[in-house]
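Descriptive structure summary
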2 protein chains.
Amino acid sequence: MSTIEPSPPSAGQRGPVEHGIRDQIVDAAEAHFSRYGYGKTTVADLAKAIGFSKAYIYKFFDSKQAIGQAICVQCLDKVLAAGEAGMAEGKTAAEKLRRFFSGIVATSAELFFEDKLLYDIAAHSAEERWPSAMAYMERAEALLKEIILLGRETGEFERKTPIDEICEAILLVMQSFMNPLMLKHNLDDLPEAPTKAVNLVLRSLAP
Amino acid sequence: MSTIEPSPPSAGQRGPVEHGIRDQIVDAAEAHFSRYGYGKTTVADLAKAIGFSKAYIYKFFDSKQAIGQAICVQCLDKVLAAGEAGMAEGKTAAEKLRRFFSGIVATSAELFFEDKLLYDIAAHSAEERWPSAMAYMERAEALLKEIILLGRETGEFERKTPIDEICEAILLVMQSFMNPLMLKHNLDDLPEAPTKAVNLVLRSLAP
DNA sequence: CGAGTGACGATATAATTATTTAGTCACTCT
DNA sequence: AGAGTGACTAAATAATTATATCGTCACTCG
């Protein structure tokens, strides 16, 4: 059973990896980005918030975008954590799969409605293929694979199709709801649509 | 066996429905939009192309956007026609489904690469939920339903799941590749990804 | 009457200018 | 040496102005 571990130090960082100041920056960034948006927040604002000069920020991050990525990682971690929590609740593999996705979708949608400005960063991150978004997909795939393997062991799922093809295909299918970029276009048919999609996926997994 | 019939008169039209001038406008629009793009083409350009005044255009179309929709309908008709052609080639229902989607995806991708400017109109149409895009999805669903029903008759496909749920789910799944808006973000993993998605769909249809 | 238009106001787009902001570097202070 | 910064430039963003375009309407002409 994997647990969401703090993501590895993202690209774009600088200087001491473990450092109180870095955390302060990230906290200030989360607060500011969430309230005013990424675009309207200046690096100087963050500097002022933590009581240092702007130049000092750049001892810890390569660029403003690197800070954005750090925030993005936080968001996506939360989404994945919800997926993993759902996964843990499910008894059978099928149930795990269902809850994994419903956790992800619910959390993403919540992010969209409750914290639009942070969500926008995530969407931007997906659009620009930031490492944060890539990592998100990879970790989702790893979790998914875990579920599928479990289902195969317990005999719930078929075993003929190559596992990697299955995982890729399922992710592909669920992307419409877990990729922030795409979710945006499918908001109206929440929450029925993802449920239907998962149903289809589960039918495809039947032995 | 349905054949793609000319789409019903779209919204935004005016005056005589069947009229040589209307066709001239559409032809000129296709040429101009394709060469210079929707944004860079002015209604006056179209008027000049057909040798009439700008005001006359508005005897046939409500707005420039209505002309855009007409062009969009043409594009999407072509895409669906490719899908239907593929469908006709397939022997079994599964084969029809495969070719239906590969026809659609191939034609959409071709549109994207060879006629980017027209493609952009289609994407815009999907984004803004123009009737043209809605009609496209509806007609795709109708064709898909035909295939599924056939497969059920021949015993290729399972019969338990409500047909409407199946169709909706499949469309949902394939949207990543047939919706111009989404296709844009999935271009890199063509053509394998849609194939994998269809494989998944077919597994889900197994009796 | 019906095919077709010039001239016009409101709105959108483009071009220009003015202002902010990202990011660096030489530097200070402890 | 290492924590921290003011002052600076190139690039981006915002504000402003100028221009083009959409869409309508009263109108002409056959």
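Calculation notes
Residues numbered from 1 in each chain as written. Chains lettered and ligands numbered in written order. Predicted model: local features only at pLDDT ≥ 70, side-chain atom pairs only at ≥ 80, totals over all residues. Domains from an automatic or database assignment. Contact = placed C-beta atoms within 7 Å. Nonpolar A, V, L, I, M, F, W, Y, C, P; charged D, E, K, R; others polar. Near = placed C-beta within 6 Å. Helix = DSSP H or I, 4+ residues; strand = E, 2+ residues; numbered from the N terminus. Core = buried A, V, L, I, M, F, W, Y, C linked by C-beta atoms within 7 Å. Buried ≥ 20, exposed ≤ 12 C-beta atoms within 10 Å, placed from the backbone. Expected span 1.5 Å × (residues − 1). Arc of directions from axis to C-beta. Axes fitted to C-alpha atoms, helices over the stretch in contact; angles between N-to-C directions. Parallel < 35°, antiparallel > 145°, perpendicular 65-115°, else oblique. Left-handed = near helix turned anticlockwise from the far one by under 90°. Least-squares fit on C-alpha atoms with pLDDT ≥ 70 in both.

Turning next to the domain arrangement of chain A. Residue and element names in this part refer to chain A. Assigned domains of chain A: these are domain 1 (20-62) and domain 2 (72-205). For domain 1 and domain 2, the distance between their C-alpha centroids amounts to 31 Å. On the side of domain 2, six residues touch domain 1, which itself brings five residues to the contact. Of the residues contributing to the side of domain 1 that touches domain 2, the split by class is two nonpolar, two polar and one charged.

Attention now goes to the protein's contact with DNA strand C. Near DNA strand C you find 15 residues, and of these T42 and K64 of chain A together with F52, S53 and A55 of chain B are the closest. If you list the elements that add at least two residues to the surface near DNA strand C, you get α2 (43-50), α3 (54-57) and α4 (64-89) of chain A together with α3 (54-57) of chain B. Tallied by class, residues from the surface near DNA strand C come to eight nonpolar, five polar and two charged.

Our focus in this paragraph is the nonpolar core. Formed by 120 residues in total, the largest nonpolar core has its most connected members in V173 and A197 of chain A together with V173 and A197 of chain B. Ignoring any residue separated from it by four or fewer positions in sequence, one finds V173 of chain B in contact with V173, A197 and L200 of chain A together with A197 and V201 of chain B.

Taken together, the contacts link 18 residues of chain B with 18 residues of chain A. At the level of elements, α8 (163-178), α9 (180-183) and α10 (192-205) of chain B are the ones that each hand at least two residues to the side of chain B that touches chain A. For the side of chain B that touches chain A, the per-class residue count stands at eight nonpolar, six polar and four charged.

Taken together, the neighbourhood of DNA strand D is formed by 15 residues, with F52 and A55 of chain A together with T42, S63 and K64 of chain B sitting nearest. Looking at the surface near DNA strand D residue by residue, the classes come out as eight nonpolar, five polar and two charged.

Residue and element names in this part refer to chain A. A rise of 1.5 Å per residue sets the reference length of helix α1 (residues 20-36), with its 17 residues, at 24 Å; its end C-alpha atoms lie 24 Å apart and thus fit the reference within 8%. R22, I25, A28, A29, H32 and F33 are the residues of α1 that are buried. Across the axial projection of α1, the buried residues extend over an arc of 130°, all falling on one side. Those residues of α1 that are exposed and angled more than 90 degrees off the buried face are G20, D23 and R35. Elements that come into contact with the buried residues of α1 comprise α2, α3, α4 and α6 (116-127). G37 sits one or two positions beyond α1 and adopts a positive phi of about 90°.

Here the focus is the packing of helix α4 (residues 64-89) of chain B against helix α7 (residues 131-153) of chain B. Residues and elements named next belong to chain B. Relative to each other, α4 and α7 sit at 10°, their axes nearing to 9 Å. In this view, α4 runs roughly parallel relative to α7, as classed from their interaxial angle. Two packed elements cross with a definite hand, and for α4 against α7 that hand is right-handed. Across the interface between the two elements, Q69, C72, V73, L76, L80, G83, E84 and M87 from α4 touch P131, S132, Y136, R139, A140, L143 and I147 from α7. Here the contact of α4 with α7 is composed, by residue class, of ten nonpolar, three polar and two charged.

Residue and element names in this part refer to chain A. Topologically, K78 is positioned in helix α4. Given 16 C-beta atoms within a 10 Å radius, K78 is considered partly exposed. It is 24 Å that separates the C-alpha atoms of K78 and D62, two residues lying 16 residues apart in sequence.

Further remarks concern the relation of the copies chain B and chain A. One copy of the chain maps onto the other through a rotation about an axis followed by a shift along the same axis. Take chain B, turn it by 180°, move it 0.0 Å along the axis, and it overlays chain A with an RMSD of 0.0 Å. The transformation relating the two chain copies, once decomposed into turn and shift, fits a two-fold axis. Minimal C-alpha distance to the rotation axis in chain B is attained by S204 of chain B, lying at 1.8 Å.

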